[in-house]
Amino acid sequence: VAFVVQLQHTLLDIHALLDYVKILYPLLASPPSKPMHANPTWMGCFMRNTEVCESLYFAGVLVWLVYDEGFIPLTMHIIHPVQLMVHDNIVRAMYSESGVSKPFPSI
């Protein structure tokens, strides 16, 4: 079972890298003049940098800007602001080893 899980994880990493090279990198290298339609198969990303957020948005990546409302530029179009909440009932056992969080590494 562990081998299958590791294989699936590796194949998903390769798939994500190929999507980046084939689809996303060309759009980031020469940005379109208007936003692309979001790719529904991508999970998207959370970020704090407004410039990178805008670049990814124009490339068709779902983006969640984590920012204090007072610091968001007036030129940025916010579709739906969300209030962040901390939940007490989130299961974290599968992501921790000896009490230390160990999520999957970024590629």
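Reading the values: the criteria
- Residues numbered from 1 in each chain as written.
- Predicted model: local features only at pLDDT ≥ 70, side-chain atom pairs only at ≥ 80, totals over all residues.
- Heavy atoms only, no water.
- Helix = DSSP H or I, 4+ residues; strand = E, 2+ residues; numbered from the N terminus.
- Buried < 20%, exposed > 50% of the residue type's maximum accessible area, 1.4 Å probe, protein only.
- Contact = heavy atoms within 4.5 Å.
- Areas by Shrake-Rupley, 256 points an atom, 1.4 Å probe, with all protein chains shown as cover.
- Phe/Tyr/Trp six-rings, centres within 6.5 Å; stacked < 30°, edge-to-face > 60°.
- Core = buried A, V, L, I, M, F, W, Y, C linked by side-chain atoms within 4.5 Å.
- pLDDT = per-residue confidence, 0-100.

Student: What is the right way to look at the overall build of the chain in this model?
Tutor: Scanning the chain from terminus to terminus reveals two helices and four strands. Listing every helix and strand of the chain by position from the N terminus yields α-β-α-β-β-β. Residues classed as buried in the chain amount to 15% of the 107 residues present. At a minimum sequence separation of 6, the contacts of the chain that also span at least 24 residues come to 25%. For the chain, the exposed surface amounts to about 9600 Å²; the carbon and sulfur share of it is 64%.

Student: Please explain the packing of aromatic side chains as it appears in this structure.
Tutor: Given two aromatic rings, their pairing is described by the distance between the two centres and the angle made by the two planes. Applying the stated criterion across every chain yields a total of three aromatic pairs. Ring geometry for tyrosine 20 and tyrosine 25: centres 6.1 Å apart, planes at 55 degrees, overall tilted. According to the relative accessible area criterion, tyrosine 20 is partly exposed, its value standing at 35%. On the basis of relative accessible area, tyrosine 25 is assigned to the partly exposed category, the value being 48%. Residues tyrosine 57 and phenylalanine 58 carry aromatic rings whose centres are separated by 5.9 Å and whose planes lie at 90 degrees to one another, so their mutual orientation is edge-to-face. Overall, tyrosine 57 belongs to the partly exposed group, its relative accessible area being 36%.

Student: What exactly am I supposed to notice about the nonpolar core here?
Tutor: Note on soluble globular proteins: their nonpolar side chains tend to be buried together. Among the nonpolar cores identified, the biggest contains nine residues, and these are Leu24, Leu27, Trp42, Cys45, Met47, Cys53, Leu56, Ala59 and Val61. Broken down by secondary-structure element, the contributors of at least two residues to this core are helix H1 (2-29), strand S1 (45-47) and helix H2 (50-58). For leucine 56, the contacting residues outside a window of four places in its chain are Leu24, Leu28, Cys45, Met47, Val61 and Val63.

Student: Where do I start with the confidence of the model for the chain in this structure?
Tutor: Residues shown with low pLDDT carry predicted positions that ought not to be read at fine detail. Per-chain confidence: the chain averages 82 in pLDDT, with 83% of residues scoring 70 or above. Considering each helix and strand of the chain separately, the mean pLDDT is smallest for strand S3 (residues 96-97), with a value of 66, and largest for H1, with 91.

Student: Even after reading the chapter, I still don't get the environment of proline 26, so can you show me in this structure?
Tutor: Structurally, the position occupied by proline 26 is in helix H1. What makes proline 26 partly exposed here is its relative accessible area of 36%. Along the primary structure proline 26 and alanine 59 are separated by 33 residues, whereas in three dimensions their C-alpha atoms are 9.0 Å apart. Excluding its chain neighbours within four sequence positions, the residues that come into contact with proline 26 are Tyr20 and Val21.

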